[in-house]
Amino acid sequence: MTPKLLYSCLLFIYSSVEAIITVKMFRHILIVLSHLALLGHSADWCYDHEECAPSHWYLHYPSCGLSSQSPINIITANTVADSSLGPIVVEGSDATSEGELTNNGHSVEVTLTSKYTLSGAGLTDAYTLAGFHIHFGNSNPTFGGSEHQINGNAFPLEVHFVFYNSIYIDLTEAKQQSDGLAVVGVLFQIGSFNSALDHFLGQLSQVAYSGQKTSVQANLRKFLPAKIGYYFKYNGSLTTPTCSENVTWLVAGNVQPISLSQYTQIISNLYFSLPGAANPVPMLDNFRPTQPLNGRTVSVYRK
Ligand SMILES: [Zn+2]
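Just so you know, these numbers come straight off a predicted model, no measurement behind them. (Residues numbered from 1 in each chain as written. Predicted model: local features only at pLDDT ≥ 70, side-chain atom pairs only at ≥ 80, totals over all residues. Heavy atoms only, no water.)

Trainee: Mind showing me how you'd approach the environment of Ser-205 here?
Mentor: In this fold, Ser-205 is placed in the loop between helix H4 (195-201) and strand S11 (213-218). With a relative accessible area of 45%, Ser-205 lands in the partly exposed category. In the structure, Ser-205 is positioned 60 residues away from Gln-265 in sequence and 8.8 Å away in space, judged by C-alpha atoms. (Helix = DSSP H or I, 4+ residues; strand = E, 2+ residues; numbered from the N terminus. Buried < 20%, exposed > 50% of the residue type's maximum accessible area, 1.4 Å probe, protein only.)

Encoded structure:
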C-alpha cells in the first residue's frame, strides 16, 4: 500500500466515523428537543398540542378509538323517557368536609375525607365517590368548555363526580372492571354567584402548576343534592385516556349557575405545565370533543 493510498483509507475511515458520530449526535439532539417540546405537559396526552391532542389519543390508548365513547351531544328529542329509573340518590354528610385539591396536569381534582355513596338511577350496585374534577373553556365563555352538550349547546364548565362500584376495593381496581364506574356530570352556565364552588376556587392559585396539592374544604351537598330528579343516562367511557368504556354516565338536566368572576378565577389561575417551566402553558379548553353516539340509547328521567 502506497502512502497516498494509506492516507486515503485513513481519511475515509475518519470521515465515516465522523458521519456516524454526527448522526448519533443529531438523533440525540432530536430526542432532547422532543422532550423539551413535551416539557409543558406532564403526560403523553394533552388537549392543546397537536401531537398529543384528543384526535391522537387512540394512537397510545386504543380504547379512545372505540365506538361507545364519551362525551356526547345529547339530543333531547331523541332521548327515551324511562320512569322506572328513579332519581339519582347521593347519601353522605351534609357538613363541609376536609379534602385535598390537586392540579393533575389536565384538570384540578378534589378528593374528600367524607364518604359519599351513589345509588338509584337504575343502578344495580352502590357506588363510592372517588372525587370530582372540572372541564372548562377559555376567556370567551360562549365558546364552551363543557364535555357534554345538550342539543348542540356547549357550556363553559362541567363538573364530573367520579364514583366507583362499591363491590371493588378502590378506583384503581374498579377501572379494570366492565361495571366499574358511574360519573355524574353537572353543567354550569354564566349567571349568579355559586357558593358551592367558592370553598375551593379561592385556593386555585396554590395549585397553579401540575403536581401541586393543597388542603381544601368543600360541601358536596351544595353541588349534589340528596336526590336529582332530572338527568340523562347512557353507557360511555372515561373522557380522558385510557378512555375505557366502563362508565355509566348520569348527566344532570338542570344547568347550574357560576358567576363570571368565579369562572375567570378558574381560567386565569391554572397551568398544564410543571412548576418552573420556562413558558408555562395556561390550562384552558381541557375538554374532549363530543363523540359519535353510534346507536346508543340515551335515557331521560324527569320526575
Ligand atoms: Zn372529567
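Trainee: What exactly am I supposed to notice about helix H6 (residues 260-269) here?
Mentor: The α-helix advances 3.6 residues per turn, and as a result positions three or four apart in sequence lie on the same side. Listed in full, the buried residues belonging to H6 are Gln-262, Tyr-263, Ile-266 and Ile-267. Along H6, the residues classed as buried sweep out an arc of 130° about the axis, all on the same side. Buried residues along H6 sit against strand S7 (127-136), strand S9 (157-165), strand S10 (181-190), H4 and strand S15 (256-258). (Arc of directions from axis to C-beta. Contact = heavy atoms within 4.5 Å.)

Trainee: Which parts of the structure should I look at to understand the layout of surface pockets?
Mentor: Quantified by volume, the largest pocket comes out at close to 460 Å³. The wall of the largest pocket is formed by 23 residues, among which Glu-109, His-133, Val-162, Lys-175 and Thr-240 lie closest to the centre. Where the lining of the largest pocket is concerned, the elements lending two or more residues are strand S5 (108-112), S7 and S9. Considering only residue class, the lining of the largest pocket consists of 11 nonpolar, 10 polar and two charged. (1 Å grid on protein atoms, 1.4 Å probe; cavity = no way out; pocket = protein on both sides within 12 Å on 5 of 7 lines; lining within 4 Å. Points joined across faces, edges and corners; volume = space filled by probe spheres on them. Nonpolar A, V, L, I, M, F, W, Y, C, P; charged D, E, K, R; others polar.)

Spatial relationships are all this shows, so hold off on functional conclusions.
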